[in-house]
Amino acid sequence: MEFVDQFNAEVLRQSTEVVNFYTCLRSDGFYSCYDRFDSLTGAWALVTFFAIYSFVFSIIGSNCSKVDQLWSITPVLYAWHFYWHDQRHHPDLPHPRLLAVCVLITMWGVRLTFNFWRKGGYGNLIHHEEDYRWPILRKMMHPFTFLLFNFSFIAWYQNILLFLIAAPAFEIMRGERALSPSDY
């Protein structure tokens, strides 16, 4: 039970920090806030932005596959966010391990993005192909229930998963900086 209490306290703390980060952006500007808050808060602020983007544009375009368009892009952004944040706070300390991870995640993301683009997955901002599962579920569920499903699972849960794909970069950022034989 202690772990659950600690987890809940950390979720509440991070949620408060994300709100504080966005409040700071309105008054102090991006760079000032980016430097003031830790990298994890910045990453959760990005998760929040992408989840809200996914939800709002799924309603505007009647298409719940906005997250599909982010699937290969956001892990790359999260990894480079950790690298950039580390370099802003430690400009004289290179981090080759984190750089190597960022390059590998970028290569993976470029490959996935190219394949998704090649198959017409991006369309335009509003109109693009929707995953075949969402219209089926939309017909099976009450509209309000589907709206809650869209908000919680499609927009939030999947964006959290995308963050978790890049989360090892956060641990690498906090760990040993030098490359070691085990990294190869």
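As shown above, the structure is provided for reference.
## A closer look at the pattern of salt bridges
Line of reasoning, step 1. Under the counting rule described, the total for this entry stands at seven salt bridges.
Line of reasoning, step 2. The closest approach of N and O atoms between D35 and R88, which form a salt bridge, is 2.7 Å. Of the two residues, D35 is situated in helix α2 (residues 30–36) and R88 in helix α5 (residues 74–89); the sequence distance between them amounts to 53 residues.
Line of reasoning, step 3. For R88, a relative accessible area of 34% puts it in the partly exposed group.
Line of reasoning, step 4. One salt bridge connects R174 with E171, and the closest N-O pair in it is separated by 3.8 Å. Taken as a pair, R174 and E171 lie in helix α8 (residues 143–174) at a separation of three residues, close to a single helical turn.
Line of reasoning, step 5. Given the relative accessible area of 55%, R174 is considered exposed.

## Remarks on α8
Line of reasoning, step 1. Over its 32 residues, α8 extends 44 Å from the first C-alpha to the last, a length consistent with the 46 Å expected when each residue adds 1.5 Å.
Line of reasoning, step 2. Its axis deflected by about 40° at I165, α8 carries its strongest bend there, up to four residues before the proline P168.

Thresholds applied
- Residues numbered from 1 in each chain as written.
- Predicted model: local features only at pLDDT ≥ 70, side-chain atom pairs only at ≥ 80, totals over all residues.
- Heavy atoms only, no water.
- Salt bridge = Lys/Arg side-chain N within 4 Å of Asp/Glu carboxyl O.
- Helix = DSSP H or I, 4+ residues; strand = E, 2+ residues; numbered from the N terminus.
- Buried < 20%, exposed > 50% of the residue type's maximum accessible area, 1.4 Å probe, protein only.
- Expected span 1.5 Å × (residues − 1).
- Bend = angle between axes of the 7 residues up to and from the residue.

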